[in-house]
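Understanding the architecture of this molecule
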Amino acid sequence: MATQKEALAEYKTLLANLDKKLESLKKPERYRPKPGEDPRASLLPLAEMVNHDSSKFAMMFGKDVPKPDDSIGLAKFVWKNVDQFSAWCCAVQSESPVMKREVEVAATSMLTGMRNIIKFIVDNKMQKAVGPQLVGEACGQVMMGNEKLKKLSKTEASGVQKEVLQSAAAVKTVVSDVKDMLSNSAAHAMEDLGLEE
């Protein structure tokens, strides 16, 4: 039977490992899939599992402090999923610069949400229940990241097209704003000169 001290040590290790995985998303290792392997098809179910895992922490630590054996079992189970999830994130990021950016944003959101729950548990030495506000924020963050992964660009070309369209929309907004400013400026200048229509 495990002790509370052993459980806390397990969660400190999980927190440190999550920090490493978050860092690895910024500089993913190059991955070449084996024949027949589909990194995206492997990533999405794991993203769903990580999404559900964040809810498990929220349920287990939401009201009472769980037994050490239960909390250690959950930490080990979740770490296995997070480790595999991170590996497949790196594989999908290797596809192209567009995929690297899209996956990094989505996966960072997911792992940060998970990390926030674990950090709360560690900071409170497993003696305090995770409050509903933190649960809502952290689980929401994990869920949003999961949704972003479901909407990854199908190809590099479609990812580039999406970025171009977003840039074009931003430029159109800026041009419209400048046009309005110039038009207002000209109207004020004409008023000042007494040339208003």
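Check the entry above for the structure.
Right, let's walk through the structure included here. (Residues numbered from 1 in each chain as written. Predicted model: local features only at pLDDT ≥ 70, side-chain atom pairs only at ≥ 80, totals over all residues. Heavy atoms only, no water.)

A count of helices and strands for the chain gives six helices and zero strands. Of the roughly 11,700 Å² of accessible surface on the chain, a fraction of 59% belongs to carbon and sulfur atoms. (Helix = DSSP H or I, 4+ residues; strand = E, 2+ residues; numbered from the N terminus. Areas by Shrake-Rupley, 256 points an atom, 1.4 Å probe, with all protein chains shown as cover.)

Position of M60 relative to the elements: it lies in helix α2 (residues 39-61). Beyond its immediate sequence surroundings of up to four residues, M60 is in contact with P66, D70, S71 and L74. (Contact = heavy atoms within 4.5 Å.)

Each pocket or cavity is described by its volume, and for the second largest pocket that value is around 150 Å³. Residue lining of the second largest pocket: K21, S24, K27, E29, R30, Y31, S86, A87, C90 and A91, and that is the complete set. Elements that contribute at least two residues to the lining of the second largest pocket include exactly α1 (4-26) and α3 (68-93). Within the lining of the second largest pocket, the residues separate by chemical class into four nonpolar, two polar and four charged. (1 Å grid on protein atoms, 1.4 Å probe; cavity = no way out; pocket = protein on both sides within 12 Å on 5 of 7 lines; lining within 4 Å. Points joined across faces, edges and corners; volume = space filled by probe spheres on them. Nonpolar A, V, L, I, M, F, W, Y, C, P; charged D, E, K, R; others polar.)

Right, let's get into the side chain of N81. Looking at the secondary structure, you find N81 in helix α3. Residue class for N81 comes out buried when judged on its relative accessible area of 2%. With residues near it in sequence (within four places) discarded, N81 still touches L46, M49, V50 and D53. (Buried < 20%, exposed > 50% of the residue type's maximum accessible area, 1.4 Å probe, protein only.)

Attention now moves to the packing of aromatic side chains. Two aromatic rings, taken as a pair, are described by how far apart their centres are and by the angle between their planes. Counting across every chain of the model gives two aromatic pairs. When the ring of Y11 is compared with that of F57, the centres are 6.0 Å apart and the planes differ by 80°; the resulting orientation is edge-to-face. Of this pair, Y11 sits in helix α1 while F57 sits in helix α2, and the two are 46 residues apart along the sequence. An identical accessibility class is assigned to Y11 and F57; each is buried. (Phe/Tyr/Trp six-rings, centres within 6.5 Å; stacked < 30°, edge-to-face > 60°.)

Everything listed here is a matter of coordinates, which is why it stays silent on function.
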